[in-house]
Amino acid sequence: MRATAIAAGLLVLLVGCSNGSPSGQPTTSPDSGPPMSTPADPTQPPPSSRATGGAAAVLPGDRYVALATALHHRGVAIWWETDLVKRWLDGPAAFDGAVARLGQLAAVPGTVGFKISDEIGYGDGLTSPAQAANFLRQARSSLAKVAPGKQILVDAVVPELGCLPWRGGNQEGCAQRVRLKYPAASAAAVESYLRGHLIDRLDLSTGLLSPGTYAGWGLTQQAAQAEIWSRIRGQGWESLTTLQSRKALAAADGYQGSATQAATDTTMYIAAPVAAGAKAVDIWTWRQHYQGKVFSLLAPDLAANPLWTSLIQERRHGVQLITHMTPSTMPTDPGSFDHECDLAAQAFTAVFVAAGTG
């Protein structure tokens, strides 16, 4: 997820979209997250008492497999996470090597499929809908050969949605600018991938703008989110794929929001999409190094916070929640490793586990 750098570019593009004042210009409030981390150096897993079983025979000594196995034994579904777009753009050798690795990982118990793209067409090197569709076709064909029956998940941010273009006027102008900048991430492009049966599951960010921008347009950010998801439902996307939502809520040293902020985040990023047909919500991230800091949902001491309490409640109410984990940020002590897996399984029904493809 490249939210920080790309949001700056999006801000430039949006100059001229009025926020209700003569000099006001909208600013973005990205609902995506920073880049995923998938180190490519499998090493010995921590000797967790519960990270044992069939997976050990698949790739012995692979700590990515050990993490997936530990989560699977706790009832968590596994999605292997890789930036296959980068490998594809790097050339056939890199692409084929990554596909081969995913083929091996497909045999790990609990594997549902692969997350192969991080914000498709949104600053990832795919510059046209035709190029993105070509990538998706090749990825789908190649993975079907090495991992038959496994699903393909793509995440996407569709920035024009945040502009509310169906309202016309300045909102349509806002949308036109981001479509020109990110043609492979336009709503029409994403819908074409879905209608081409190229994506089994879509993790969707709605490209929300700042609260101030929406205030200038006469509504709240929360109302904008509800309106966007209602529009998505009206477009019928949930009939074309398994539709999921996504949002980066981790922060340096853990979520920092108050109980009021956590309630707002839960309503806007979980309740609104689920009410509109989203089958699950992807919450970035369990723990990841980013911009010189460690971003996570929980504090370093793993103490609960208002957001965590809310996530547990949502899970108990049947909401399907997903997060991201990689062994490079997990403790090596067996007891601590097991404890973190136990905690993750309390809130999350599935986890994107780094595939170790680099």
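Caption draft 1: Layout of the nonpolar core. Leu71, Trp80, Ile116, Phe135, Trp237 and Leu311 are the most contacted members of the largest nonpolar core, which totals 101 residues. Judged by nonpolar contacts, the second largest core, of six residues, contains Ala280, Ile322, Ala350 and Phe352.

Caption draft 2: Representation of the sheet that holds strand 7 (residues 280-284). In space, the eight strands of this closed barrel follow the order 1-2-3-4-5-7-10-11, with parallel pairing throughout. When the angles between neighbouring strand axes are averaged without regard to direction, this sheet yields 30 degrees. In the sheet, strand 1 (residues 77-81) pairs with strand 11 (residues 350-354) via five bridges, with the strands oriented parallel. By the bridge assignment for strand 11, Trp79 is matched with Phe352. Contacting strand 2 (111-117) and strand 3 (151-157), helix 5 (residues 129-146) runs over the sheet at an angle of about 150 degrees to strand 2.

Caption draft 3: Representation of the pairing of strand 3. With six of its seven residues buried, strand 3 lies for the most part within the structure. Bridge analysis of strand 2 against strand 3 gives four bridges, and the strand direction is parallel. When the sheet's bridge partners are listed, Phe114 is paired in strand 3 with Ile152. Running through helix 5, the crossover from strand 2 to the neighbouring parallel element strand 3 is right-handed. The pairing of strand 3 with strand 4 (residues 201-205) spans five bridges and is parallel. Following the sheet pairing, Ala156 is matched in strand 4 by Leu204.

Caption draft 4: Seen up close, the state of the cysteines. Applying the stated criterion across every chain, the model contains one disulfide. Cys163 shares a disulfide with Cys174; S-S distance 2.0 Å. Every disulfide takes its handedness from the sign of the S-S torsion; for Cys163 and Cys174 that torsion is -55 degrees, giving left-handed. Note that Cys163 is positioned in the loop between helix 6 (159-162) and helix 7 (169-181) and Cys174 in helix 7, a separation of eleven residues in sequence. When sorted by exposure, Cys163 lands in the same class as Cys174, which is buried.

The rules behind the values
Residues numbered from 1 in each chain as written. Predicted model: local features only at pLDDT ≥ 70, side-chain atom pairs only at ≥ 80, totals over all residues. Heavy atoms only, no water. Core = buried A, V, L, I, M, F, W, Y, C linked by side-chain atoms within 4.5 Å. Buried < 20%, exposed > 50% of the residue type's maximum accessible area, 1.4 Å probe, protein only. Pairing = 2+ DSSP bridges. Helix = DSSP H or I, 4+ residues; strand = E, 2+ residues; numbered from the N terminus. Axes fitted to C-alpha atoms, helices over the stretch in contact; angles between N-to-C directions. Contact = heavy atoms within 4.5 Å. Right-handed = clockwise from strand over helix to strand, strands pointing away. Disulfide = S-S within 2.5 Å.

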